[in-house]
Amino acid sequence: MRISKSSAQEIVEEIGKLVKQNINLMDETGHIIASNDPARIGNFHEGAYRIITNHLKELYITPELEKTLPLVRQGINLPIEVDGDVEGVIGITGTYDEVIKYGQIVKKMAEILIKERIALDAERLDSRIRSRFLEDWVLGDGLSNPRSLSERGYAIGIDIRKKRRCMVISARDLSYYTSTLEGQQFIEQVEEAVAGQMEVWQGTIILRNAARQILLVSSRSTGEMQAIARKLTDLIETRFGIRAIVGIDGPEQDVHTAYLQANRAWRVAHHAAQPIVCYEDLNVELILDHIPQKSKIAYLCKIFPGCSSAEIRDFTALLGAYFQAEGSLQTAADAMFIHKNTLQYRLKRMAEITGLDVRKPSNAPALYLAMLLAMDLESDGLSTDFTNLD
């Protein structure tokens with residue numbers, strides 16, 4: 001049978017609620033794969049086997065026949081036909097008077113439901129094949145075997161030779177939403193709205209990855225990419241009341257490199273003053289991918305001596321607000337929902353611990369780099385205890 005056992009069980013339970021009789025669903029070998037009676041699942045059903053092998057239109061198991069056949073009960077059994085093929089057998093347990101009036105109705109219901117499940121499973125399979133291809137092409141190193149990748153793309157209607165630009169988009173405070181089921185459902189609604197808006201730009205390819213959307217659009221200027229990004233961030237803020245961030249790649253790159261660039265810009269956008277960051281505008285951030293993880297951790301431990309991971313996260317959040325506000329204490333305080341004096345006290349305490357005052361131009365670069373490194377480690381999923389990793 002071309003549906004899973006779980007789908008078969010759902011169908012049996014759905015039909016059973018309507019006809020108020022025990023329902024069994026047998027596969028093409030005659031074995032019960034779903035039933036209202038769990039004890040019967042897995043049993044061989046001789047009646048179903050006879051229908052399949054002898055091409056019977058129906059078979060009623062009489063009380064006399066029930067006595068001669070093991071593991072078979074009184075009731076009517078009918079073949080399930082989908083697109084001209086027998087997919088299995090549906091059985092309704094009960095006396096003749098109880099089940100005969102349901103027979104053809106249950107048969108037709110089963111055929112409709114199974115046909116729908118087959119189509120849904122095929123759609124899910126196509127979606128998985130497409131997602132796997134996009135992951136290999138965009139996130140992986142698919143271009144190491146371009147011929148194979150090109151053939152796979154052609155099979156699903158994607159021409160990898162076409163020039164494209166890449167952007168990565170998500171909610172700014174992503175961890176806030178991904179930590180709860182309600183938040184994840186909210187993000188899905190945002191992503192559906194983005195996907196709907198992107199239909200304006202025909203040929204857009206969208207890959208969802210780690211609560212972000214990776215958008216591949218036909219090749220266009222950086223200015224045009226920024227215009228698309230602004231439409232998306234405006235849409236999200238207007239419709240959902242949240243801020244979004246976008247990273248845009250540099251021009252004239254293969255798709256995998258374009259993704260890496262857009263992703264780097266997206267990471268920077270978390271703490272940038274503007275929600276849209278272009279790879280072309282990055283400077284010191286470009287070196288982060290070339291710094292080993294251990295070196296990043298060692299630098300943080302040196303800048304924040306004796307501090308726990310939680311304390312380092314608090315300090316980097318403070319630095320993020322300060323740099324995003326371009327040094328304006330009032331703006332930074334407002335963004336953190338604290339009083340300006342409280343912000344000054346925290347900056348002073350950080351200066352006492354680190355020996356670096358972010359308000360001094362000569363000290364700011366070291367703290368800015370520390371902030372970037374900490375956020376980079378958190379983006380890599382190392383936010384729980386990145387001071388004690390081996």
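No experiment lies behind these values; they were computed from the predicted model shown.

(A) Up close: the packing of helix H8 (residues 181-198) against helix H9 (residues 222-240). Following both chains from N to C, one finds H8 and H9 inclined at 135 degrees, their axes separated by 10 Å at the closest point. When the axes of H8 and H9 are compared, the pair comes out oblique. For the element pair H8 and H9, the recorded crossing hand is right-handed. Contacts from Phe-186, Gln-189, Val-190, Ala-193, Val-194, Gln-197 and Met-198 in H8 reach Ile-228, Leu-232, Leu-235, Ile-236, Arg-239 and Phe-240 in H9. By residue class, the composition of the contact of H8 with H9 is 10 nonpolar, 2 polar and 1 charged.

(B) View of helix H10 (residues 255-269). Across its 15 residues, H10 extends 21 Å between first and last C-alpha, which sits within 8% of the 21 Å expected from 1.5 Å per residue. Across the 15 residues that make up H10, a large majority, 13, are buried. A distance of 3.1 Å separates the backbone nitrogen of His-256 from a side-chain oxygen at the start of H10, and that oxygen is part of Asp-254.

(C) Representation of helix H14 (residues 340-354) within the structure. Helix length check: H14 (15 residues) gives 21 Å between terminal C-alpha atoms against 21 Å at 1.5 Å per residue, within 8%. Buried within H14 are the following residues: Leu-343, Leu-347, Met-350, Ala-351 and Thr-354. Down the axis of H14, the smallest arc covering the buried residues is 100 degrees, so these residues share one side. With respect to the buried face of H14, the exposed residues turned more than 90 degrees away are Asn-341, Tyr-345 and Glu-352. Looking at the buried side of H14, the elements it contacts are helix H11 (293-303), helix H12 (309-324) and helix H13 (329-336). Where H14 ends, the next residue or the one after it, Gly-355, has phi of about 75 degrees, a positive value.

(D) How the structure looks around the sheet that holds strand S1 (residues 23-26). Read from one edge of the open sheet, 5 strands run S2-S1-S5-S4-S3, paired in antiparallel fashion. Each of the sheet's edge strands pairs with one partner strand only, and the pair in question is strand S2 (32-35) and strand S3 (59-61). Put simply, the sheet's adjacent strands are angled 25 degrees from each other on average, direction ignored. Summarising the sheet, S1 and S2 pair through 3 bridges and their orientation is antiparallel. Looking across to S2, one finds that Met-26 is bridged to Ile-32. Packed onto the sheet, helix H1 (residues 5-19) meets S1 and S2 and runs at close to 45 degrees relative to S2. Docked against the sheet, helix H5 (residues 103-139) engages strand S4 (75-82) and strand S5 (85-93), running at close to 35 degrees with respect to S4.

(E) Broad picture of the pattern of salt bridges. Tallying each qualifying case throughout the model produces 18 salt bridges. Salt-bridge contacts for Glu-111 lead to Lys-108; the nearest nitrogen and oxygen are separated by 3.7 Å. Separated by 3 residues within a single helix, Glu-111 and Lys-108 lie in helix H5, roughly one turn from each other. With a relative accessible area of 47%, Lys-108 lands in the partly exposed category. Of the charged contacts in the structure, one is a salt bridge between Arg-359 and Asp-357, with a shortest N-O distance of 3.2 Å. Classification of Asp-357 by relative accessible area gives buried; the value is 17%. Several salt bridges converge on common partners, so that one network encompasses Glu-81, Lys-107, Lys-108 and Glu-111.

(F) A look at the packing of H12 against H13. It is the contact of H12 with H13, at a shortest axis distance of 8 Å, that shows an interaxial angle of 130 degrees. Taken together, H12 and H13 sit at an angle that is classed as oblique. The hand of the H12/H13 crossing is right-handed. Mapping the contact onto sequence places Leu-318, Ala-321 and Tyr-322 in H12 and Leu-329, Ala-332 and Met-336 in H13.

(G) Examining the nonpolar core more closely. Core analysis: the biggest nonpolar cluster contains 53 residues, and Trp-137, Val-138, Met-167, Met-198, Leu-232, Ile-242 and Ile-248 have the highest contact counts within it. For this core, the leading source of residues is H10, giving 8 residues.

(H) Quick peek at the packing of aromatic side chains. According to the stated counting rule, one finds 9 aromatic pairs in the structure shown. For the ring pair Tyr-176 and Tyr-177, a centre distance of 5.0 Å and an interplane angle of 90 degrees mean the geometry is edge-to-face. When its relative accessible area of 14% is taken as the criterion, Tyr-177 is described as buried. The interplanar angle of 10 degrees and the centroid separation of 5.7 Å between the aromatic rings of Phe-304 and Phe-315 together place this pair among those described as stacked. Placement of the pair is Phe-304 in the loop between H11 and H12 and Phe-315 in helix H12, with a sequence separation of 11 residues. With respect to burial, Phe-304 and Phe-315 carry one shared label: buried. Within the aromatic cluster, the residues linked to one another by ring pairs are Tyr-176, Tyr-177, Phe-186 and Phe-240.

(I) Seen up close, the sheet that holds strand S7 (residues 205-209). Pairing is mixed in the open sheet, where 5 strands are placed in the order S7-S8-S6-S9-S10. The two strands at the open ends of the sheet, each matched to only one other strand, are S7 and strand S10 (276-278). When strand polarity is set aside, the average angle formed by the axes of neighbouring strands in this sheet is 20 degrees. Sheet topology note: the S7/strand S8 (residues 212-218) ladder contains 5 bridges and is antiparallel. Note that in S8 the partner of Asn-209 across the bridge is Arg-212.

How each quantity is defined
- Residues numbered from 1 in each chain as written.
- Predicted model: local features only at pLDDT ≥ 70, side-chain atom pairs only at ≥ 80, totals over all residues.
- Heavy atoms only, no water.
- Axes fitted to C-alpha atoms, helices over the stretch in contact; angles between N-to-C directions.
- Helix = DSSP H or I, 4+ residues; strand = E, 2+ residues; numbered from the N terminus.
- Parallel < 35°, antiparallel > 145°, perpendicular 65-115°, else oblique.
- Left-handed = near helix turned anticlockwise from the far one by under 90°.
- Contact = heavy atoms within 4.5 Å.
- Nonpolar A, V, L, I, M, F, W, Y, C, P; charged D, E, K, R; others polar.
- Expected span 1.5 Å × (residues − 1).
- Buried < 20%, exposed > 50% of the residue type's maximum accessible area, 1.4 Å probe, protein only.
- Polar contact = N/O pair within 3.5 Å; in protein donor to acceptor, adjacent residues only side chain to side chain.
- Arc of directions from axis to C-beta.
- Pairing = 2+ DSSP bridges.
- Salt bridge = Lys/Arg side-chain N within 4 Å of Asp/Glu carboxyl O.
- Core = buried A, V, L, I, M, F, W, Y, C linked by side-chain atoms within 4.5 Å.
- Phe/Tyr/Trp six-rings, centres within 6.5 Å; stacked < 30°, edge-to-face > 60°.

Treat this as a map of the structure, not an account of what it does.
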